[in-house]
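Each chain is listed here by its residues.
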Amino acid sequence: MPLRSKAFHLIILLFAVSPMNARPVEEIDMLFRNWTTRDGLPNNRVRSVIQSHDGFIWLATDAGAVRFNGANFKLYGLREGLLAPIALTLLETEDQSIWVGTLGGGITVLKNGRIERTFTTSDGLPSNWISDLTTDSSGNLIAWTRNGAAIFEKNSFTSLVPANSRPLPPRLILKDRDGSTWHLHSNRVLSEPTDSLPIENALAPDKHVVGTLDHEGRIWACGENFLWTRSDGNWKSIPLPEHWESTASSIAAAPDGTIWIASHRRGILGYRNNRFITPTATRVYSPALVETVTTTKDGQVWITSANGIFRMSPQTIRVSSIDDPLTANSANNIGGLIEYAPHSFIVATQGSGYYRWENHHATPLEEKAETDVGSYGNALLKTRDGSIWLGSNNGLFKLDSNGGIAASFLESKSVWALFESTGAIWVGTSWGKLYRIAGREPELIDFGGAMEPVKAILEEPDGTLWIGTRGNGIFRRKNGIWKRFGRNDGLISEVIRTLYLDSSGRIWAGSDGGGLSLFSDGRFITATSNEGLPSDTVSQIIADDNGRLWIGTHKGLGVLDIDDLARIEGGNPSGLHPLILSQTDGLPTDEFTIVPPIKTSDGSFAFATIQGFIRISPDFQKPVTDAPPVYLERVVSNGTEHLPASDTISLEAGSKRIEIEFSALYFSDPDRLQFRNRLLGLEKDWQYVGSQQSAEYRNLAPNSYLFEVSASNGNGEWSRIPATIEVVILPHFWQTLWFKIIVFSASIAFVARIVRQREKRRNREKIGALQIRHAIDIERARIARDLHDDVGASLTQMALQSQLVERNITRQPDRASNYLQEIFKTARTMTRSLDEIVWAVNPGNDVLDNFVSFLATFVQDFAEGAALRTRFDLPENIPKRPISSSVRHHLYLATKEILHNIVKHADASEISMGVSIDKGSCQITISDNGRGFTGEINAPGEDGLSNLKKRFQELRGTCVRHSEEGNGTSFVMKFPIDTLR
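Not measured: the values here are computed from a predicted model.

Caption draft 1: Region of the structure containing the overall build of the protein. Summing up its helical and strand segments, the protein has seven helices and 70 strands in all. Of all 981 residues assigned to the protein, the portion counted as buried reaches 49%. Within the protein, contacts between residues separated by at least 24 positions form 51% of all contacts whose residues are at least 6 apart in sequence.

The following block contains the structure:
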């Protein structure tokens, strides 16, 4: 059949289906998760959504383009470089760039978290108002603007208008499972292009068509009146519901096979199993706000709206409320729950009495006038014979045959627990009393408890009775003997909320703050949130037929599998990974009340909460997912942001505070994300940080570090490949290797110089010590010489004179007397010489002022011995400068020699001595008032004074004589003070 005829017959077939055959719509409960400005979304108006290659969700909003990771929003708006605030459309290209079409600001390209470039009319765009971005069959980018389309080629745009005889490209290209390729054109006509089929003759099921492929590869299209699908080469038309009088804005296929259609500001319509469905409006979701619907690569269904972004998923948890959850009424705080008939329940509330719930409606229970059941229902019990018992704050009551509250027991007793054993009803009260009712009158049972309320009662098949109290632990009656179990027996908390006996005969206990406990071998094994439970407060326990244990807590509903239970039973409860259901999964609240769960007639479990009761299939399973991918967001160093565009990031020297931010993608339940990280080079072990999505380090030394982070969605599995980045902290110049080498070399040189100087000093000290020793040797030699010359000669002379005395004492007494006088004089002279020698070697005289005093005394004594007067001119303060013995010796001998010359040659009657100290030199002047003489001091043979000059040359000084005939003679001895040492 010719293609033109084929198209004609197909069009006739499609339009033969009348809208009169439109099908009804069934409302279904769906679970919505809504993100708005309250959650950080920059603007509530979301116009489109895409998912990028790395899994992030990108939103086009009236504040700009937004990247969403499930927890945080990153805005790219005017401040970040967009030329207009409103983003209308988004597209990711093959090079992983995000193209943002704006209202009035052209197209902006994002790459690696930064704005790379913006294209406007100056770059060839027909208009800066961008309504859509697509690609053609060759992969070229097409921009659809208010003034026409343009193709992106050679880094600029070229307008596509009919004048250039170039046909407009399709807006969407779909290739179905039959191998046919379908194009959705700008005029919303769907066509199957061939060489012989021009665009004007394209197959057109309807105008304004939107299309998609489902997960089986079938093509779906929706127009104004029909939904079409093509399979096995044939089109099937499905009339839209009558009330759906709006053009479809988008269409998407969900993983469960549902085809979702969105109409701008009209809502969402679904098609599944040959029937149309629509989500029930809730306080969160309103059809009047819908913009588009999109399915992302991970199977999530997203709805853009004027009230933020929605994630839509099937509602698997049935929630039943006694009253409007938005009111302040306490009717939804459930204190007891039983099913008295299929799908019919009696509900006890904490503050609003008792209700009968059936057909999605609750009505208060009737009570006789003489009964006062009270408003606080604490317990309900349906016995084996069908009787229904009610425990309230005013006692124990029983329903009559008409379903009304009639008989009462234990009036004014606040009943908190009810349990049926063989032939009896057990009752626990708020005052710690335990009753057994086997007949009309209750029997009080003393179990050894105090005043703590009885909240849980349990009996094993062998008759062993267990009692759980709120504050006094657990009591057991076995073989008639009561025993108490508390903290010493493995319980962390003695405030017991529930007891449960599973099909294997194991006793479980839930407590307030003490987690879940299992009785084994005479004591309890306890698991808490530290081991993986959602909360430490466990209020409800029930087991399913698959061996799993369900626990209602203050932080959601946990499901422990067989492996988790085996860990607890084995005494090693660490590392539990229960399935956790929360408000994200459809719970009305995360807090469960102290009410035993029940298995209903349809096989589901019913749990009581503070916001009504829920029903869920015990076969419920969350999809098994791998650990979520984790990404590095940014690195902040000293307040400066660095985007991790590569595997390595270098930070400036002196980075005292470094913060690394990261995220993971788990849109199903982002609140369950957990993280761990480590910085290799600083730490070896993983650091668990919980839900915190950043790590901070301070005062890191310059080095190369490797930061690693992995994520988990709470199932115990961590990212197989962690996100990593090498962090290089650059050193200051003084921390660089070359600087350290220079410093090290300089230090070596400095140390070498110090060692060298120390060696020199040691050598000088050694030389000085040798010089001192040499000086001492010289001084010893001088002393020996003086002793030999003076004392030795005098002693020899005295010996000779003594012999002469001995020879002449009898024959010539006068001569002997003269010899004795000579001996006396010699002895006196020798005594003076010894005094001089002793004074010279005495270290106490090694000071200038002492030497001057000695020299003056010596001059005075010498002058008196020669019958001469003396005159002194000495300074009042003579510095205490050290003076060596050799210097003293030279000065003393020089002075002595001068005095001898005065006595011998001057013919004087007076000797004068003067001392002056000035500017680092010392001057000693000795003069007489004798006859004076002329001639040089060192003239050979004159006055015997030739050696004076030689002495003062050794002292680096001078000795000058001044003499005038008839005016006496003076000797001026001058030398520098530093030679005194």
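Caption draft 2: Structural view of the pattern of salt bridges. Inspection of every chain in the model, using the stated rule, returns 29 salt bridges. Among the salt bridges present, the one from Arg218 reaches Asp214, with a minimum N-O distance of 2.9 Å. Take Arg218: its relative accessible area is 24%, and that puts it in the partly exposed class. Residue Glu641 pairs with Arg634 through a salt bridge whose shortest N-O separation is 2.6 Å. Judged by its relative accessible area of 36%, Glu641 falls in the partly exposed class. Given a relative accessible area of 27%, Arg634 falls into the partly exposed group. One continuous salt-bridge network, built from bridges that share partners, spans Arg657, Glu659, Glu696 and Arg698.

Caption draft 3: Spatial organisation of a nonpolar patch on the surface. There is a patch of nonpolar side chains on the surface, built from Phe733, Trp734, Trp738 and Ile742 and spanning about 480 Å² of accessible area. Checked against the element boundaries, Ile742 lands in helix H3 (residues 737-808).

Caption draft 4: Region of interest: the sheet that holds strand S12 (residues 141-145). Reading across the sheet, the four strands line up as S11-S12-S13-S14 and stay open at both edges, with antiparallel pairing between neighbours. Only two strands of the sheet have a single neighbouring strand rather than two, namely strand S11 (130-135) and strand S14 (156-160). When strand polarity is set aside, the average angle formed by the axes of neighbouring strands in this sheet is 30°. Bridging between S11 and S12 involves five bridges; their strand directions are antiparallel. Looking across to S12, one finds that Thr135 is bridged to Leu141.

Caption draft 5: A look at the packing of aromatic side chains. Taken as a whole, this structure holds 42 aromatic pairs when the rule is applied. On the numbers, 5.6 Å between centres and 35° between planes, the contact of Phe226 with Trp228 is tilted. The two residues Phe226 and Trp228 agree in class, both being buried. Seen from their ring centres, Trp738 and Phe739 are 6.0 Å apart, and the 85° between their planes marks the pair as edge-to-face. Take Phe739: its relative accessible area is 23%, and that puts it in the partly exposed class. Members of the aromatic cluster, connected to one another through ring pairs, are Trp35, Phe68, Phe73, Trp302 and Phe667.

Caption draft 6: Structural view of the pairing of strand S42 (residues 454-459). Buried residues dominate S42, accounting for six of its six residues. Where S42 folds back onto strand S43 (residues 465-469) in an antiparallel hairpin, the turn is made up of five residues, including Gly463, whose phi is positive at roughly 95°.

Caption draft 7: View of the UniProt feature "transmembrane region" (unreviewed entry) in the protein. With numbering matched to this structure, UniProt assigns "transmembrane region" (unreviewed entry) to residues 737-755. Along residues 737-755 the backbone is 100% helical and 0% strand, and the end-to-end C-alpha distance reaches 26 Å.

Caption draft 8: Expanded view of the nonpolar core. Residues Leu891, Ile911, Ile924, Ile926, Phe952 and Met973 are the most contacted members of the largest nonpolar core, which totals 37 residues. Elements supplying a minimum of two residues to this core: helix H5 (848-865), helix H6 (885-906), strand S67 (910-918), strand S68 (921-928), helix H7 (947-954) and strand S70 (969-976). When residues of this core are assigned to their parent elements, the largest contribution, ten residues, is made by H5. If we ignore the near neighbours within four places in the chain, the residues touching Met973 are Ala894, Thr895, Ile898, Cys922, Gln923, Ile924, Ile926, Phe952, Thr958 and Cys959. Formed by 29 residues, the second largest nonpolar core is a distinct cluster that contains Leu533, Leu560, Leu565 and Leu587.

Caption draft 9: Representation of H7. Of all the positions in H7, only Leu948, Arg951 and Phe952 are classed as buried. The buried residues of H7 all sit within an arc of 90° when viewed along its axis, so they share a single face. The exposed set on the far side of H7, more than 90 degrees from its buried face, consists of Lys950, Gln953 and Glu954. Those residues of H7 that are buried are in contact with H6, strand S69 (958-963) and S70. Backbone geometry just downstream of H7 places Arg956 in the positive-phi region, at approximately 55°.

Caption draft 10: Layout of unusual backbone geometry. The phi angle at Lys154 is positive, at roughly 55°, despite the residue not being glycine. Within the fold, Lys154 resides in the loop between strand S13 (148-153) and S14. Backbone geometry places Asn638, a non-glycine residue, at a positive phi of 50°. As for its position among the elements, Asn638 is in the loop between strand S57 (630-637) and strand S58 (640-642).

Caption draft 11: Up close: the side chain of Ser719. Note that Ser719 resides in the loop between strand S64 (704-712) and strand S65 (723-729). Overall, the relative accessible area of 10% leaves Ser719 in the buried class. Within polar-contact distance, the side chain of Ser719 engages the backbone oxygen of Pro628 at 3.0 Å. At 2.9 Å, the side chain of Ser719 forms a polar contact with the backbone nitrogen of Ala711. Not counting chain neighbours up to four residues away, the residues in contact with Ser719 comprise Ala627, Pro628, Val630, Ser710 and Ala711.

Caption draft 12: Expanded view of a positive patch on the surface. Taken together, Arg753, Arg756, Arg758, Lys760, Arg761 and Arg764 make up a surface patch of like positive charges. Tracing the sequence through the fold places Lys760 in helix H3. Taking the relative accessible area as the measure of exposure, Lys760 reaches 41% and is therefore partly exposed.

Caption draft 13: Examining the confidence of the model for the protein more closely. Of the residues in the protein, 87% reach a pLDDT of 70 or more, and the chain-wide mean stands at 84. Here residues 1-20 scores under 50 on pLDDT; set against residues more than four positions off or in separate chains, the count is 25 contacts. Per-residue pLDDT stays below 50 along residues 195-205; that stretch engages in 24 contacts with residues further than four places along the chain or on separate chains.

Caption draft 14: Structural context of helix H2 (residues 562-569). Of all the residues in H2, the buried ones are Asp564, Leu565 and Ile568. Viewed end-on, H2 has its buried residues packed into an arc of 95°, placing them on one side of the element. What points out from H2, more than 90 degrees from its buried face, is the exposed set Ile562 and Asp563. Tucked inside the fold, the buried residues of H2 contact strand S47 (507-511), strand S48 (516-520), strand S49 (523-527), strand S51 (549-553) and strand S52 (556-560). Between a side-chain oxygen at the N-terminus of H2 and the backbone nitrogen of Asp563 the separation is 3.2 Å; the capping residue is Asp561. Where H2 ends, the next residue or the one after it, Gly571, has phi of about 85°, a positive value.

Caption draft 15: Broad picture of the packing of H6 against H7. Their axes nearest at 10 Å, the elements H6 and H7 cross at an angle of 160°. Here H7 runs roughly antiparallel to H6, going by the angle between their axes. Of the two possible hands of crossing, H6 and H7 adopt the one that is left-handed. For the pair H6 and H7, the contacting residues are His890, Leu891, Leu893, Ala894, Glu897 and Ile898 in the first and Asn947, Leu948, Arg951, Phe952 and Glu954 in the second. Each residue belonging to the contact of H6 with H7 can be placed in one class, and the counts come to six nonpolar, two polar and three charged.

Caption draft 16: Region of interest: the sheet that holds strand S55 (residues 605-609). What the four strands build is an open sheet, ordered S29-S56-S55-S54; its pairing is antiparallel. This sheet does not close on itself; its edge strands, each paired only once, are strand S29 (318-320) and strand S54 (598-599). Across three bridges, S29 lies against strand S56 (residues 612-616) in antiparallel orientation. By the bridge assignment, Ser320 is partnered in S56 with Phe613.

Caption draft 17: Fine view of the pairing of strand S62 (residues 687-690). Relative to S62, strand S61 (residues 674-680) runs antiparallel, the two sharing three bridges. Each residue of the ladder has a partner; that of Arg676, found in S62, is Tyr688. Linking S61 to S62, which pair antiparallel, is a turn of six residues; within it Gly681 sits at a positive phi near 105°.

Caption draft 18: Quick peek at the environment of His53. On the secondary structure map, His53 appears in the loop between strand S3 (46-51) and strand S4 (57-61). Judged by its relative accessible area of 41%, His53 falls in the partly exposed class. When the C-alpha positions of His53 and Thr93 are compared, they lie 9.6 Å apart, and in sequence the two are 40 residues distant. Polar contacts involving the side chain of His53 include one to the side chain of Glu92, which spans 2.6 Å. Here the side chain of His53 touches Gln96 through a polar contact of 3.1 Å, side chain to side chain.

Quick notes on the rules
Residues numbered from 1 in each chain as written. Predicted model: local features only at pLDDT ≥ 70, side-chain atom pairs only at ≥ 80, totals over all residues. Heavy atoms only, no water. Helix = DSSP H or I, 4+ residues; strand = E, 2+ residues; numbered from the N terminus. Buried < 20%, exposed > 50% of the residue type's maximum accessible area, 1.4 Å probe, protein only. Contact = heavy atoms within 4.5 Å. Salt bridge = Lys/Arg side-chain N within 4 Å of Asp/Glu carboxyl O. Patch = residues over 30% accessible without salt bridge, like charges linked within 9 Å, V, L, I, M, F, W, Y side chains within 5 Å. Areas by Shrake-Rupley, 256 points an atom, 1.4 Å probe, with all protein chains shown as cover. Pairing = 2+ DSSP bridges. Axes fitted to C-alpha atoms, helices over the stretch in contact; angles between N-to-C directions. Phe/Tyr/Trp six-rings, centres within 6.5 Å; stacked < 30°, edge-to-face > 60°. UniProt positions renumbered as here; feature names shortened; annotations may be inferred. Core = buried A, V, L, I, M, F, W, Y, C linked by side-chain atoms within 4.5 Å. Arc of directions from axis to C-beta. Polar contact = N/O pair within 3.5 Å; in protein donor to acceptor, adjacent residues only side chain to side chain. Lys, Arg positive; Asp, Glu negative; His and termini not counted. Charge placed at Lys NZ, Arg CZ, Asp CG, Glu CD. pLDDT = per-residue confidence, 0-100. Parallel < 35°, antiparallel > 145°, perpendicular 65-115°, else oblique. Left-handed = near helix turned anticlockwise from the far one by under 90°. Nonpolar A, V, L, I, M, F, W, Y, C, P; charged D, E, K, R; others polar.

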